Amino acid sequence: MPSLKPSITALVLAAGNGSRFGGNKLRHEIKYTNEHGHITSKAMGLISALNVQPYVDEVLSVVRPDDHLLKSLFNSHDIKTIDNPDYQAGLSASIKIGVKAAKPDNAIMVCLADMPFIQPQSYRTVTRLFLSHSNSITRLIYQKDKQKQAGHPVIFPASQKHALLQLKGDNGAQALLTTLPIISAPSDDNGIIFDVDTQQDLITLRQ
């Protein structure tokens, strides 16, 4: 019998404007290799949700109410969407709406929809780390050569939901990450720190 997925809700934050990209970047199609090794093209935001889906109990994508095309893309792959009418208030508003919609006893994994290049091993590692330290915030740290940088996603235990609901502004959960203990593991996957802000980012990646 296959093992049950861990009791984690992944919140894919997909309500941004993408103004620096010059259009809705989360609908922008990029190459995607599925679990069977087949290469196709899919919308960036959808790829981010599909990448995390195998490793969690549920995926909720938080979107702008008027982004009907993106919602349709998510829904066509059985990914539930949550409208954030207060999206202009920043990432914290999306996190709070997602936390309220998540299964009550689930931990919360915060994912950014513009990070479609996170490798499967990174999701496996961070979820296993959480299962071993289920009362702690867990995340990966990108380490290569002399570079060291905290990455995404980040998993918050269910006990921190109240703190997540107090967040404000566009810095997401950064305030909590500077005040609460964190369990981390090293990773050489640069996908955990590579978010797409501009079209030049995609050109740079291909070089």
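Residues numbered from 1 in each chain as written. Predicted model: local features only at pLDDT ≥ 70, side-chain atom pairs only at ≥ 80, totals over all residues. Heavy atoms only, no water.

Caption draft 1: Layout of the sheet that holds strand β5 (residues 80-83). Spatial strand order, β5-β4-β1-β6-β8-β7-β9: 7 strands in an open sheet with mixed pairing. For this open sheet the edge positions go to β5 and β9 (182-187), each flanked by a neighbour on one side alone. On average, each strand axis in the sheet is tilted by 30 degrees relative to the strand beside it, whichever way the strands run. In this sheet, β9 lies alongside strand β7 (residues 137-144) in parallel orientation, the contact comprising 6 bridges. Its bridge partner being in β9, T138 is matched across the sheet by I183. Strands in contact with helix α2 (residues 68-75) are β1 (8-14), β4 (58-63) and β5; relative to β5, the strand with the most contacts, it is inclined by about 150 degrees. (Pairing = 2+ DSSP bridges. Helix = DSSP H or I, 4+ residues; strand = E, 2+ residues; numbered from the N terminus. Axes fitted to C-alpha atoms, helices over the stretch in contact; angles between N-to-C directions. Contact = heavy atoms within 4.5 Å.)

Caption draft 2: Representation of helix α4 (residues 120-132). Compared with an ideal rise of 1.5 Å per residue, which puts 13 residues at 18 Å, α4 spans 19 Å between its outermost C-alpha atoms and is within 8% of the ideal. For α4, the elements touching its buried residues are β1, α1 (44-52), β6 (107-112), β7, β8 (147-156) and β9. (Expected span 1.5 Å × (residues − 1).)

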